[in-house]
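Chain by chain, the residues:
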Amino acid sequence: MRDRTDDLVRLADLLVGFGANLQPGQIVGVNAYYDMADAARAVARAAYSRGARYVDVFWWDLLVKRARLELADADSLEFVPPWMGERLRWLSNEHAARVFLTGTDSTVFDGIDPSRMGRDLLPYLKEVPEIVNERTTNWTIGPCPNPRWAERVHPELPPDEALDKLWDEIVYVCRLDADDPVEAWRERMRAIVASAERLTERHFDAIHLRGPGTDLTVGLLASHRWLGADFTTVDGLTHYPNLPTEEIFTTPDPERVDGHVSATMPLEVYGSFMSGIRIEFEGGRATKVDAEEGGEALRSIVAKEGADRLGELALVDGEGRIGPLGTVFYETLLDENAASHIALGNAYTFPLEDEADRERANRSPVHVDFMIGSPEVDVDGLTRDGERVPVLRGGAWQI
Amino acid sequence: MADLTDAERFADLVVEVGANVQEGQEVDILADLGTEEVVRAIAGAAYRRGARFVDVWWWDALLKRERLLHARADTLDYVPPELGARLLRLGEERGCRIWIIGNPQPHALDGVDPERAGRDLLPRLKESSEVVLARTTNWCIASWPTEGWARQVYPSLEPDEALERLRQELAHVSRLDEPDPAEAWRARVAELRSAAGRLTERAFDSLRFRGPGTDLSVGLFRSSGWHAGTLERIDGLESIVNIPTEEVFTTPDPARVEGTVRATKPLELAGSLIDGIAIRFEGGRAVEIDADSNVDVLRAVAAKDEGAARLGEVALVDGSGRIGALETVFWNTLLDENAASHIALGGSYEFVVEDEAERARANQSEIHVDFMIGSPEVDVDGLTGDGDIIPVLRGGAWQI
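What counts and what doesn't
- Residues numbered from 1 in each chain as written.
- Chains lettered and ligands numbered in written order.
- Predicted model: local features only at pLDDT ≥ 70, side-chain atom pairs only at ≥ 80, totals over all residues.
- Helix = DSSP H or I, 4+ residues; strand = E, 2+ residues; numbered from the N terminus.
- Rg over C-alpha atoms; globule rule 2.2 N^0.38 Å.
- Buried ≥ 20, exposed ≤ 12 C-beta atoms within 10 Å, placed from the backbone.
- Contact = placed C-beta atoms within 7 Å.
- Pairing = 2+ DSSP bridges.
- Nonpolar A, V, L, I, M, F, W, Y, C, P; charged D, E, K, R; others polar.
- Core = buried A, V, L, I, M, F, W, Y, C linked by C-beta atoms within 7 Å.
- Domains from an automatic or database assignment.
- Axes fitted to C-alpha atoms, helices over the stretch in contact; angles between N-to-C directions.
- Parallel < 35°, antiparallel > 145°, perpendicular 65-115°, else oblique.
- Left-handed = near helix turned anticlockwise from the far one by under 90°.

**A look at the overall build of chain A**
Move 1: Helix and strand counts for chain A come out as 12 helices and 21 strands.
Move 2: The C-alpha radius of gyration computed for chain A amounts to 20 Å, which stays within 12% of the reference 21 Å derived for 399 residues, consistent with globular compactness.
Move 3: Along the three orthogonal principal directions, the C-alpha set of chain A runs to about 55 × 50 × 45 Å.
Move 4: In chain A, which comprises 399 residues, the share counted as buried stands at 50%.
Move 5: The long-range fraction of contacts in chain A, counting pairs at least 24 apart against all pairs at least 6 apart in sequence, stands at 76%.

**Description of the pairing of strand β18 (residues 367-371) of chain A**
All names here are of chain A.
Move 1: By the criterion of burial, β18 is predominantly enclosed, with five of the five residues buried.
Move 2: Covered by surrounding structure in β18 are His367, Asp369 and Met371 together with Val368 and Phe370, the residues of both alternating faces.
Move 3: Across five bridges, the pairing between strand β17 (residues 341-345) and β18 is antiparallel. In the sheet register, Gly345 faces β18, and the bridge partner there is His367.

**Details of the sheet that holds strand β21 (residues 396-397) of chain A**
Strand pairs in the sheet, formed through backbone hydrogen bonds, run parallel or antiparallel to each other.
Residue and element names in this part refer to chain A.
Move 1: A sheet is described by the order of its strands in space; here eight strands give the open sequence β15-β14-β11-β6-β5-β19-β20-β21, paired in antiparallel fashion. Two strands in the sheet have a free side with no partner beyond their single neighbour: β15 (285-290) and β21.
Move 2: Note: strand β19 (residues 378-382) against strand β20 (residues 388-393), four bridges, orientation antiparallel. Note that in β20 the partner of Leu382 across the bridge is Arg388.

**Examining the pairing of strand β19 (residues 368-372) of chain B**
Residues and elements named next belong to chain B.
Move 1: In terms of burial, β19 is largely enclosed, as five of its five residues are buried.
Move 2: Burial of the side chains of β19 extends over both faces: His368, Asp370 and Met372 are buried on one face and Val369 and Phe371 on the other.
Move 3: Sheet topology places strand β18 (residues 342-346) next to β19; five bridges connect them, and they run antiparallel. Across the sheet, the residue bridging to His342 is Met372, located in β19.

**Brief notes about the interface of chain B and chain A**
Move 1: On the side of chain A, 32 residues touch chain B, which itself brings 32 residues to the contact.
Move 2: Broken down by secondary-structure element, the contributors of at least two residues to the side of chain B that touches chain A are α2 (36-48), β2 (53-59), α3 (61-70) and α4 (81-92) of chain B.
Move 3: For the side of chain B that touches chain A, the element with the most residues is α2 of chain B, which contributes seven residues.
Move 4: Residues of the side of chain B that touches chain A, tallied by class, amount to 15 nonpolar, four polar and 13 charged.

**Structural notes on the nonpolar core**
Move 1: Val43 of chain A together with Val14, Ile42 and Ile98 of chain B are the most contacted members of the largest nonpolar core, which has 237 residues in total.
Move 2: With residues near it in sequence (within four places) discarded, Ile98 of chain B still touches Val14, Ala19, Val27, Ile29, Ile42, Trp139 and Cys140 of chain B.

**Some thoughts on the domain arrangement of chain B**
Accessible area lost when the parts come together is the quantity often used to give the size of an interface.
Residues and elements named next belong to chain B.
Move 1: Domain boundaries in chain B define domain 1 (7-177) and domain 2 (203-227 + 244-398).
Move 2: Contact residues are listed per partner, giving 26 residues for domain 1 and 24 residues for domain 2.
Move 3: Its residues assigned to classes, the side of domain 1 that touches domain 2 shows 12 nonpolar, seven polar and seven charged.

**Digging into unusual backbone geometry**
Move 1: Leu243 of chain A connects to Pro244 of chain A through a cis peptide bond whose omega is 0°.
Move 2: Within the secondary structure, Pro244 of chain A sits in the loop between β9 (238-239) and β10 (247-250).
Move 3: In this chain, Ile243 of chain B is followed by Pro244 of chain B through a cis amide linkage whose omega measures 5°.
Move 4: Note that Pro244 of chain B resides in the loop between β10 (242-243) and β11 (247-250).
Move 5: Located in the positive-phi region is His95 of chain A, a residue other than glycine, with phi close to 50°.
Move 6: With respect to the element layout, His95 of chain A can be found in the loop between α4 (82-93) and β3 (97-102).
Move 7: Although it is not a glycine, Asn20 of chain B sits at a positive phi angle of roughly 60°.

**Focus on the environment of Thr200 of chain B**
Residues and elements named next belong to chain B.
Move 1: Structurally, Thr200 is set in helix α9 (residues 181-202).
Move 2: Counting along the chain gives 27 residues from Thr200 to His227, while the straight-line C-alpha distance between them is 8.6 Å.
Move 3: Aside from chain neighbours lying at most four places away, what touches Thr200 is Gly225 and Trp226.

**A word on the packing of helix α1 (residues 5-19) of chain A against helix α9 (residues 181-202) of chain A**
Residues and elements named next belong to chain A.
Move 1: Packing of α1 against α9 leaves a shortest axis separation of 10 Å and a crossing angle of 50°. It follows from the interaxial angle that α1 and α9 lie oblique. Considering the relative orientation of α1 and α9, their crossing is right-handed. Between α1 and α9, the contacting residues are Arg10, Leu14 and Phe18 on the first element and Pro181, Val182 and Trp185 on the second.
Move 2: Per-class residue counts for the contact of α1 with α9 are five nonpolar, no polar and one charged.

What follows is the structure, given as structure tokens:
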């Protein structure tokens, strides 16, 4: 195993300085899994060195959660300690920066009753989408290599080599191999933003995706915009919510989704593993939800309020660094940036200009992304006049 | 000796006998990063008892080091409000608190400016003394061995041997080497309460400690009783708040402490190690504070507020306890304070004072720092209101 101290420092600097765009005097909320102590400390150092007022780390241990899922009374599983939501309200009120470290191995939940899994979504909190929509915090999500995750991604390798390989991949997809990673990201972000602007200008009425197992039309709201890469807070701070990021996304019309779709990658959601997902939509609603693996857990999530309708549509072209690796990271942050995707559940309202459209955006306590794009999936835009315009072919932009 | 490799056995002891977790309770655990083996077992044991939620606040001393090294000085007093609010709410809900000390990074604060270190007392919260005084939670503090801690305690041993030795000593003092640890604790607590009862009956006016470097008189309230072993929640639910526990304690008169005292063991305070403490008291106040190392940290803490330089606790430990007999310095207050008689600067357990007027005079402070002043060489006498001098401890043995 190579010494990764320098990589860790560069990753922490990228997340804190560029991704979250931390400002002097800000409080920083950090989410870290139990195995990420080194990374959390590196993030804290990067933050304090930039003048952070306080770094508040919320640690999460999947094995303590497993004890709950195994042993707690079923009717207590939906309980969430109020302080967790209050902590997020506090971060929102303080206009804090937030850094999430991701990368876990959900196989620790193997053997747990899926219907119990679906009732305990922690560490996810319903306040997360609320404060994202408030745009009060500048935040970022970044990957954090650790032994458990590495063994999950590269089970064929000995543990040390698996971790080395995962680190190499993270260095590559996070562009930490560039002389100046921040400049490399600025350049990539410019390209992503330009694609988003071109799509917005087309004012498509719907997007049609067609490929193996997929024939899906997703209606768009009249005032929709496509966004990518950067967010801006109410205070005017630019931040990059996902590092790496390769997607452009918008908020669809939750009542105009029809057809069927097959996920092109397996998915891990709230700790459950799902593969071979196939969903049929009618009038915006998911009317049939199947999966080769994890179907019951997926259905228990879809049964939650608003989780049977779409809250997001995102397109990813073949220029990104994640898709070409061909690695399944079992981590939405990376996997969703490998391919075009849709999300069941809660919508971001800010891609919609018009207040009436915002009212129509989907609402839900959950938000589940899954990948539906690949070079074999053609993407077309449908205009209000019924014209069909190629958008992606073989992973390349056509507009 | 048995060892502590069986985390589940220790977890059962902490959950069932120590904290006494009740069905439907929320259980908050404060635990050092590095004690996951026992914390996960405690979570399991608590859920088996019907806990509603087990909420772990992991503490990382190296994260605190980053703050103390790199944060702006004027931010170091900041404490996130949600930390205190969370504790107070747990009290309102009659929740349970468990604190697992593993001390995995004993040198985390080495090289940190002591003045800065004294300003950040996390994970201590002023609300934790509030919920203790309000007696709204059942709780237990216990220790779990880690490699870093073992190296500190036995620097001359190889790391593996040190960890094994610490495991064995902790198993012994936690009475896990007894066939029925729960029963062993019930019996020991009964002994301690009997000693406390005898002390309460004597109704001494003050205690006098005399030994090498120590000649200290500690005034007592007329109405303050001696307590040991268990504390009762306001609704009567009992918990053994420290595992292990060997002390009997009371709340002294903060205005009547005179003389000099030398600590008989080093003190670990908010991550700093303080050795060779010597303090002179006048009219109840610590007027001179010296130490061989990190004296600035202790001085900064004793200057924290009005009550921080006065006594909030006096505790006696006799020689039949298991900790003192090991002659190990654990660099851990939970263990070391149960090795020897001790006093504490700062906040007091007001509820042991019966009379309201006296209770109003009990010391108040947001800090509470125990340090050891007893040893077999330190004689303890009780002085009655009539001026009689009654031997209390000689060579570590009860005389009453």
